[in-house]
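Structure assessment
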Amino acid sequence: MIVLGEKQELVVVQKVDFGVYLAEEMQEHPEEKVLLPGKQVPEGTQEGDTLSVFIYRDSQDRLIATVHEPLIEKGQTAILEVVDTARVGAFLDWGLEKDLLLPFREQTMPVQKGDRCLVALYEDKSHRLCATMKVYHYLKTDSPYKAGDTVQGRVYEISRNFGVFVAVDDIYSALIPKEEAQGSYKVNEVLEMRVSRVKGDGKLDVSARKQKPLQLEEDAQKILAVMENSRGELPLDDKSDPAQIKARLGISKAAFKRAVGHLMKEGKISQEPGKIFIKKEDAAGDE
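Residues numbered from 1 in each chain as written. Predicted model: local features only at pLDDT ≥ 70, side-chain atom pairs only at ≥ 80, totals over all residues. Heavy atoms only, no water.

1. Some points on the nonpolar core
Inclusion rule: Among buried residues, the Ala, Val, Leu, Ile, Met, Phe, Trp, Tyr and Cys ones that are joined through side-chain atoms within 4.5 Å form a nonpolar core. With a 1.4 Å probe rolled over the protein chains alone, any residue whose accessible area is under 20% of its type maximum counts as buried; one over 50% counts as exposed, and the rest are partly exposed. Strands are runs of DSSP state E lasting at least two residues, helices are runs of H or I lasting at least four, and both sets are numbered from the N terminus onward. The contact criterion used throughout is that any non-hydrogen atoms of two residues lie within 4.5 Å.
Judged by nonpolar contacts, the single largest core of 33 residues is most densely connected at Leu22, Leu92, Trp94, Leu102 and Val119. With five residues, strand E4 (residues 50-57) is the largest single contributor of residues to this core. When near neighbours in sequence (up to four residues on either side) are disregarded, Leu92 contacts Leu80, Glu81, Val82, Val83, Asp99, Leu100, Leu102, Cys117, Val119 and Ala131. Listed in part, the 17 residues of the second largest apolar core include Met227, Leu236, Leu249 and Leu263.

Next comes the structure, spelled out in C-alpha cells:
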C-alpha cells in the first residue's frame, strides 16, 4: 500500500518520458502506482530498482513521489517557517516544492510571514496533508528526563482549567500545572524549566520556577522592589486574597507568605494587619 505522508521503499515498475512509476512490488499492471518526476529520477535508474521516496500530493491533488527529504512526516512534530498567508490559512516551508497548508482552524495563535511555529503533520478528511498547531496528541511520552532535570520547552497552548501546555525539546508532552503557572505566558514562547514529576503515562509536569531556595530569594527581591516603588509599603498580608496577590506580584499566595516570612526573619520588613512595609532603618540606609 502506498501511504501518504511517509517515506517508503518502492520499486520502479515503468519508465516514461516524464519520469518513472513506482509500486510496492514489480508487477506488469500494479493496482497502485505513483509518479516520480523525471527531474528527480537518479541517473541510471532501471525498472526493478528500489528507491526511497516520500509520498505527498502535487498542486492538482494527485499522489506524487519525491526523493527530497521533508522536514516533517505524518504524525511527527517540527518547527516550520511561515512563508506566506492567505484566506485559508498560512503556508509553511517543509522542504518540498509545494508549501504545506496550516489552516486557520488549526492555528492556536495568528501567524505571520517569517514566524517559526511548532506544528504536527496530519491527513485531513479530504486525504490531503496539512499542518496543525494543536500538537497535544502528537507529542511523545517516552522522554529521557527525570524529576529535578532542567529542560527547555515551547509553549503551544494555554488552558484556564489545566495550566500551560509545553513541548519539551519540541517533541515531549509536558504541562506547567495551573497552580504552578505563575506570571504570564504566550504561545511559541521558549522556557527553561525544571521537571517536577514524571507521571505514570510518561507525560511530564514541569515548573518554570526555580528550586525553592533560589525561588524564595527571587520572590523576596521582587516584593522589595515593588514596595520600594510604592513608598515602601504594600496593602497585602498573609490574609489577602490569592488573586489580589497574584495580580500585584505575579506569584502565588503560598510563595508570597514564604517570601514575606523570609524578609521578616532577615529584619528587612515589618507587617501590620492589612499591609507590609520596609523597616525605616532599611529605607533610610538605602538613601
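2. Concerning the sheet that holds strand E17 (residues 269-272)
As a reminder, the rule being used: Paired strands, in this sense, are two strands between which DSSP finds at least two bridges. Interaxial angle, 0 to 180 degrees, is taken between N-to-C directions of lines fitted to C-alpha atoms, where a helix line uses only the stretch in contact.
In space, the three strands of this open sheet follow the order E16-E18-E17, with antiparallel pairing throughout. On the outer flanks of this sheet lie strand E16 (233-234) and E17, each paired with one strand and no other. Relative to E17, helix H3 (residues 253-265) is tilted by about 120°, and along the sheet it contacts E17 and strand E18 (275-278).

3. A word on the sheet that holds strand E6 (residues 77-86)
Picture the strands of a sheet paired through backbone hydrogen bonds; they go either parallel or antiparallel. Read from one edge of the open sheet, five strands run E8-E7-E6-E9-E10, paired in antiparallel fashion. Each edge of the sheet is formed by a strand with only one pairing partner; in this case those strands are strand E8 (100-103) and strand E10 (129-132). Direction aside, neighbouring strands of the sheet carry axes that sit 55° apart on average. The pairing of E6 with strand E9 (residues 116-123) spans five bridges and is antiparallel. Across the sheet, the residue bridging to Ile79 is Leu118, located in E9.

4. Details of the pattern of salt bridges
Selection criterion: The rule for a salt bridge is simple: a side-chain nitrogen of Lys or Arg has to be within 4 Å of a carboxyl oxygen of Asp or Glu.
The full count for this structure, using the stated rule, is 13 salt bridges. For Glu97, the salt bridge identified is with Lys39, shortest N-O distance 3.2 Å. Residue Glu97 is located in the loop between strand E7 (89-93) and E8, and its partner Lys39 is located in the loop between strand E3 (34-37) and E4; the two are separated by 58 residues in the primary sequence. A single salt-bridge network, built from bridges that share partners, covers Lys7, Glu69 and Glu73.

5. Things to note about the packing of aromatic side chains
Rules: Two aromatic rings, drawn from Phe, Tyr or Trp (for Trp, its six-membered ring), form a pair once their centres lie within 6.5 Å of each other, and the interplanar angle then sorts them: stacked below 30 degrees, edge-to-face above 60, tilted otherwise. Any Lys NZ or Arg CZ found within 6 Å of a ring centre and within 35 degrees of that ring's normal is scored as a charge over the ring.
Counting across every chain of the model gives eight aromatic pairs. Here Tyr156 and Phe165 contribute two aromatic rings whose centre-to-centre distance is 6.1 Å and whose plane-to-plane angle is 40°, an arrangement assigned as tilted. No difference in accessibility class separates Tyr156 from Phe165, as the two residues are buried. Counting every residue linked through ring pairs, the aromatic cluster contains Tyr136, Tyr156, Phe162 and Phe165. Over the face of the ring belonging to Tyr21 we find Lys33, whose NZ or CZ atom lies 4.6 Å from the ring centre.

6. Overview of the pairing of E8
Every regular strand shows the same layout, with side chains that alternate between the two sheet faces. Two elements, E7 and E8, share four bridges in a ladder whose sense is antiparallel. The residue bridging Phe91 from the neighbouring strand is Leu101, located in E8. The hairpin turn running from E7 into E8, its antiparallel successor, is six residues long, and Gly95 in that turn takes a positive phi close to 90°.

7. Digging into unusual backbone geometry
Phi is positive for Asp61, close to 65°, though the residue is something other than glycine. Considering the arrangement of structural elements, one finds Asp61 in the loop between E4 and strand E5 (63-66). Under the relative-accessibility criterion, Asp61 is labelled partly exposed at 37%. A positive phi angle, close to 85°, is found at Asn188, a residue other than glycine. Tracing the backbone shows Asn188 in the loop between strand E13 (172-177) and strand E14 (190-198).

8. Quick word on empty space enclosed by the protein
Once rolled over the atoms, a probe with the size of a water molecule shows which space is left empty. Threshold: Only protein atoms enter the 1 Å grid used here. Points where a 1.4 Å probe fits but cannot escape make up a cavity, open sets with protein on both sides within 12 Å along at least five of seven lines make up a pocket, and a residue lines them when an atom lies within 4 Å of a point. Grid points are joined across faces, edges and corners, and a volume is the space filled by probe spheres set on the points.
All chains considered together, the criterion is met by one cavity of 30 Å³ or more. Approximately 40 Å³ is the volume attributed to the largest cavity. As for the largest cavity, its lining consists of Thr108, Leu118, Met133, Arg154, Val155, Tyr156, Val187 and Asn188.

9. Here's the deal with a negative patch on the surface
Our working definition: Residues qualify for a patch when their relative accessible area is over 30% and they have no salt bridge, like charges being joined within 9 Å and the nonpolar side chains of Val, Leu, Ile, Met, Phe, Trp and Tyr within 5 Å. Accessible surface is estimated by sampling points in the Shrake-Rupley manner with a 1.4 Å probe; for residues, cover comes only from the protein chains shown. Charged-residue counts in this description rest on Lys and Arg as positive and Asp and Glu as negative, His and the chain ends being excluded. Where a charge lies is defined by one atom per residue type: Lys uses NZ, Arg uses CZ, Asp uses CG and Glu uses CD.
A cluster of like negative charges, contributed by Glu24, Glu25, Glu31 and Glu32, occupies part of the molecular surface. Topologically, Glu31 is positioned in the loop between strand E2 (19-23) and E3. Since its relative accessible area comes to 82%, Glu31 is described here as exposed.

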